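Listed here are the chains, written in short residue letters.
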Amino acid sequence: MTTMESLIGLVNRIQRACTVLGDYGGGDNTFSSLWEALPSVAVVGGQSSGKSSVLESIVGRDFLPRGSGIVTRRPLVLQLHKTDEGSQEYAEFLHLPKRRFTDFGAVRNEIQEETDRITGKTKQISPVPIHLSIYSPNVVNLTLIDLPGLTKVAIEGQPETIVDDIETMVRSYVEKPNCIILAISPANQDIATSDAMKLAREVDPSGDRTFGVLTKLDLMDKGTNALDVLEGRSYRLQQPWVGIVNRSQADINKNVDMIVARRKEREYFATSPDYGHLASKMGSEYLAKLLSQHLESVIRSRIPSITSSINKTIDELESEMDHLGRPIALDAGAQLYTVLEVCRAFERIFKEHLDGGRPGGDRIYGVFDNQLPAALKKLPFDRHLSLQNVRRVVSEADGYQPHLIAPEQGYRRLIEGALNYFRGPAEASVDAVHFVLKELVRKSIGETQELKRFPTLQADIAAAANEALERFRDESKKTVVRLVDMESSYLTVDFFRKLPQEVENKGGNPQAPVTDRYGEGHFRRIGSNVSSYVGMVSDTLKNTIPKAVVFCQVKEAKQSLLTRFYTQLGKKEGKQLLQLLDEDPALMERRQQCAKRLELYKAARDEIDSVSWTR
Ligand SMILES: Nc1nc2c(ncn2[C@@H]2O[C@H](COP(=O)(O)OP(=O)(O)OP(=O)(O)O)[C@@H](O)[C@H]2O)c(=O)[nH]1
């Protein structure tokens with residue numbers, strides 16, 4: 001394989017792969033374009049400038065659709081492969097792999113039909129290219145992109161926007177810095193008015209990547225010639241101008257063979273009094289060779305930048321793939337493993353929130369340190385132990401016979417009544433911690449990167465965790481209420497044992513008047529005794545409620561938030577597991593695209609590597 005073949009062939013292969021992935025000149029893509037990094041030759045020209053004729057002449061075959069109006073309505077990526085002398089010529093379309101066309105009339109029909117397949121019969125245009133490869137001993141290795149002819153007016157049946165649409169599409173190809181522009185202008189028209197040159201000048205003002213082609217030299221008025229253009233005097237380009245004489249309409253009608261036409265063209269230049277001195281640098285065969293050499297040298301010079309752009313994209317795609325996660329395994333064991341792995345990642349993050357490292361766990365301490373003490377302080381003991389209420393409760397407890405020494409029943413009722421108030425703050429602490437935990441579950445799910453791709457599993461974990469938290473809350477409520485009930489079920493005797501002494505001590509003087517057992521002072525003292533007993537219980541509960549809450553809710557959440565979920569998981573079959581691992585379709589699609597693209601880029605890198613080694 002010669003270098004030229006391998007280099008152009010390399011770009012051809014990458015271009016074909018690009019089209020399969022929807023990466024082509026006019027396509028819009030969320031991925032960076034490999035197509036744009038590749039050098040290509042785009043053919044532009046006004047209508048009837050002789051574009052089709054030039055292409056056919058380069059190929060040496062009649063194969064392009066002809067007709068009035070805009071015939072080329074999709075870009076045609078024409079890849080020419082030189083084969084050994086004497087071998088059979090054939091053509092192949094990318095969209096019809098494995099079918100070899102040896103009849104070029106059939107190629108023409110297929111181009112037409114494939115155009116209509118995307119654009120419909122509406123005469124609309126589309127930027128999706130058709131790829132045609134031609135294998136022939138009569139071609140040079142070259143890739144050309146045929147674009148719709150630039151036009152000034154829409155014809156019947158075409159939308160008004162077609163003129164602009166064509167220009168936009170052609171521009172999207174030729175404005176790319178890697179595009180070599182083959183600008184075709186007819187010689188029998190003023191070069192200053194050439195559509196092709198106008199566009200070329202706009203997108204390539206320095207003329208670096210524009211090849212000027214002048215057709216219809218034979219149709220110029222007698223006594224005039226195009227030497228000013230061909231010798232670069234009227235329009236300067238960095239590349240040489242090439243003059244062409246294609247088949248006339250009469251030749252076409254007579255079916256003049258392309259190979260014969262090539263010979264006639266050679267003869268025209270060789271014998272031309274005007275162009276004889278330029279004969280070796282004129283004609284379609286020369287143009288094909290010139291383009292092939294140029295394309296090859298451009299590819300060669302771009303290889304380092306193509307390689308680095310490919311490597312950069314591979315890195316980007318790989319990191320995106322890491323981010324999107326690996327594709328899901330097919331066997332149930334591996335699926336279960338994936339689910340467990342994701343669950344563990346979630347649990348780890350949840351624990352980090354509780355144990356510190358991530359914020360949120362401190363809010364639980366906030367409940368114990370602020371909310372609970374504040375709620376305890378706000379309990380309406382003043383009202384409950386008001387003189388009036390104490391007297392009422394004690395009297396009611398006494399019944400018809402007032403108490404003789406101390407109102408035992410009265411004390412009990414007052415204390416029990418007071419202790420009941422503790423249920424409120426106890427239950428509220430449980431609820432407050434429950435909501436903190438719930439919020440931490442929500443947060444942790446959001447922070448579990450591994451879960452992002454599995455919305456179903458996400459919802460299931462959230463449901464399982466919340467259900468577990470509800471259970472812990474119920475248990476915790478029962479426990480704290482029990483703590484309160486325990487306080488009422490057995491009172492601290494020591495406290496009361498000390499009371500009479502205090503009273504006597506307070507009395508101090510034996511001469512002091514005996515307390516009136518039914519007077520205000522007596523009830524006030526009872527109230528104050530009950531109040532200090534309740535204060536003592538409050539201090540105890542301030543310490544024991546947090547212990548119960550942590551024991552029943554926080555510790556449980558840390559240890560067995562997903563225990564039940566795991567038990568259920570063990571009973572699931574392959575299909576159900578796969579359902580759990582249902583991914584967001586958009587994400588799956590993106591991963592698939594990413595993977596395909598990665599494959600393309602890696603294949604391209606390998607191809608370039610192998611070509612670089614054989615150079
Ligand atoms: N005599 C002569 N006729 C030519 C030459 N080049 C093209 N023609 C004729 O000009 C007409 C238009 O040529 P095409 O090759 O179809 O031009 P095109 O730019 O592809 O045209 P559209 O696809 O319709 O935009 C045809 O009748 C050709 O035979 C030439 O160099 N000499």
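For the structure, check the block above.
So, how was this worked out
Residues numbered from 1 in each chain as written. Predicted model: local features only at pLDDT ≥ 70, side-chain atom pairs only at ≥ 80, totals over all residues. Heavy atoms only, no water. Axes fitted to C-alpha atoms, helices over the stretch in contact; angles between N-to-C directions. Helix = DSSP H or I, 4+ residues; strand = E, 2+ residues; numbered from the N terminus. Parallel < 35°, antiparallel > 145°, perpendicular 65-115°, else oblique. Left-handed = near helix turned anticlockwise from the far one by under 90°. Contact = heavy atoms within 4.5 Å. Nonpolar A, V, L, I, M, F, W, Y, C, P; charged D, E, K, R; others polar. Buried < 20%, exposed > 50% of the residue type's maximum accessible area, 1.4 Å probe, protein only. Polar contact = N/O pair within 3.5 Å; in protein donor to acceptor, adjacent residues only side chain to side chain. Pairing = 2+ DSSP bridges. Near = heavy atom within 4 Å. Areas by Shrake-Rupley, 256 points an atom, 1.4 Å probe, with all protein chains shown as cover. 1 Å grid on protein atoms, 1.4 Å probe; cavity = no way out; pocket = protein on both sides within 12 Å on 5 of 7 lines; lining within 4 Å. Sits in = over half its atoms within 2 Å of the grid points. Points joined across faces, edges and corners; volume = space filled by probe spheres on them. Salt bridge = Lys/Arg side-chain N within 4 Å of Asp/Glu carboxyl O. Phe/Tyr/Trp six-rings, centres within 6.5 Å; stacked < 30°, edge-to-face > 60°. Lys NZ or Arg CZ within 6 Å of the ring centre and 35° of its normal.

A. Broad picture of the packing of helix α15 (residues 423-447) against helix α18 (residues 520-560). Packing of α15 against α18 brings their axes to within 10 Å, and their N-to-C directions diverge by 25°. Relative to α18, the element α15 is oriented roughly parallel. Where α15 crosses over α18, the two elements pack in a sense that is right-handed. Where α15 approaches α18, its residues Ala426, Ser429, Val430, Val433, His434 and Leu437 are matched on the opposing element by Ile545, Val549, Gln553, Val554 and Ala557. Residue composition of the contact of α15 with α18, by class: eight nonpolar, three polar and no charged.

B. Broad picture of the environment of lysine 152. Relative to the helices and strands, lysine 152 is located in the loop between β5 (142-146) and α4 (162-174). On the basis of relative accessibility, which here comes to 58%, the residue lysine 152 falls in the exposed class. Sequence spacing of lysine 152 and isoleucine 162 is ten residues, and the spatial spacing of their C-alpha atoms is 9.3 Å. Those residues in contact with lysine 152 that sit more than four places away from it in its chain are Val163 and Asp195. A distance of 2.6 Å separates polar atoms of two side chains, one belonging to lysine 152 and the other to aspartate 195.

C. Region of interest: the sheet that holds strand β7 (residues 210-215). Strand order in this open sheet of eight strands is β3-β4-β2-β5-β1-β6-β7-β8, and the pairing throughout is mixed. Only two strands of the sheet have a single neighbouring strand rather than two, namely β3 (90-93) and β8 (242-243). Set on the sheet, helix α2 (residues 51-59) makes contact with β1 (40-45), β2 (76-82), β4 (130-136), β5, β6 (179-186) and β7; between it and β5 the angle comes to about 160°. In this fold helix α9 (residues 284-324) packs onto β1, β5, β6, β7 and β8, with an angle of close to 105° to the strand it touches most, β5.

D. Examining the site of the ligand more closely. The environment of the ligand is made up of 19 residues, and the closest members are Ser52, Ser53, Asp218, Asn246 and Gln249. A distance of 2.9 Å is found between an oxygen atom of the ligand and a backbone nitrogen or oxygen belonging to lysine 216. Aspartate 218 is positioned with one of its side-chain polar atoms (N or O) 2.9 Å from a nitrogen atom of the ligand. Burial of the ligand by the protein amounts to 89% of the accessible area it has alone, namely 630 Å². Under a 2 Å grid-point criterion requiring more than half of the atoms, the pocket assigned to the ligand is the second largest pocket. For the shell around the ligand, the element with the highest residue contribution is α2, accounting for three residues.

E. Representation of the layout of surface pockets within the structure. Empty space within the second largest pocket amounts to approximately 660 Å³. Contributing elements (two or more residues each) for the lining of the second largest pocket: α2 and α7 (249-253). No other element matches α2, which puts three residues into the lining of the second largest pocket. Of the residues contributing to the lining of the second largest pocket, the split by class is six nonpolar, 14 polar and five charged.

F. Focus on empty space enclosed by the protein. Going through the model one piece at a time under the given rule, you end up with five cavities of 30 Å³ or more. Size it by volume and the largest cavity reaches roughly 80 Å³. Together, Leu64, Pro65, Val71, Thr72, Arg73, Arg74, Pro75, Leu76, Ile111, Thr115, Ile130 and Asp146 line the largest cavity. A class-by-class count of the residues in the lining of the largest cavity yields seven nonpolar, two polar and three charged.

G. Focus on the pattern of salt bridges. What the rule picks out here adds up to 40 salt bridges. Between arginine 117 and glutamate 110 there is a salt bridge, and its shortest N-O distance comes to 3.2 Å. Classification of arginine 117 by relative accessible area gives partly exposed; the value is 49%. With a shortest N-O distance of 2.4 Å, arginine 591 and glutamate 583 are connected by a salt bridge. Under the relative-accessibility criterion, arginine 591 is labelled buried at 7%. On the accessibility criterion, glutamate 583 (7% relative accessible area) is buried. When salt bridges with common partners are traced through the structure, they connect Arg74, Glu110, Glu113, Glu114 and Arg117 into a single cluster.

H. Here's a closer look at the packing of aromatic side chains. Scanning the model with the defined rule gives 13 aromatic pairs in all. Seen in terms of ring centroids, tyrosine 90 and tyrosine 135 are 4.6 Å apart; in terms of plane orientation they differ by 15°. Their pairing is stacked. With tyrosine 90 in strand β3 and tyrosine 135 in strand β4, the pair connects residues that are 45 residues apart, well separated along the chain. Exposure remark for tyrosine 90: the relative accessible area of 12% places this residue in the buried category. Residue tyrosine 135 is classed as buried on the basis of its relative accessible area, which comes to 16%. Aromatic pair tyrosine 268 and phenylalanine 269: ring centres 5.3 Å apart, planes at 85°, arrangement edge-to-face. For tyrosine 268, a relative accessible area of 26% translates into the label partly exposed. Among the residues examined, phenylalanine 269 registers a relative accessible area of 1% and is labelled buried. Taken together, Tyr411, Phe495, Phe496 and Tyr533 form an aromatic cluster joined through their ring pairs. One cation-aromatic arrangement involves arginine 100 over tyrosine 90; the distance from NZ or CZ to the ring centre is 4.0 Å.

I. View of unusual backbone geometry. Even without a glycine there, the phi angle at serine 48 is positive, about 65°. Tracing the sequence through the fold places serine 48 in the loop between β1 and α2. Exposure remark for serine 48: the relative accessible area of 62% places this residue in the exposed category. In this structure, asparagine 255 takes a positive phi of about 60° despite not being glycine. Accessibility expressed as a relative area gives 61% for asparagine 255, which makes it exposed.

J. Region of the structure containing the packing of α2 against α9. Their axes nearest at 9 Å, the elements α2 and α9 cross at an angle of 80°. On the basis of the axis angle, α2 is roughly perpendicular to α9. Judged by residue contacts, Val54, Ser57 and Ile58 of α2 engage Ser284, Leu287 and Ala288 from α9. Each residue belonging to the contact of α2 with α9 can be placed in one class, and the counts come to four nonpolar, two polar and no charged.

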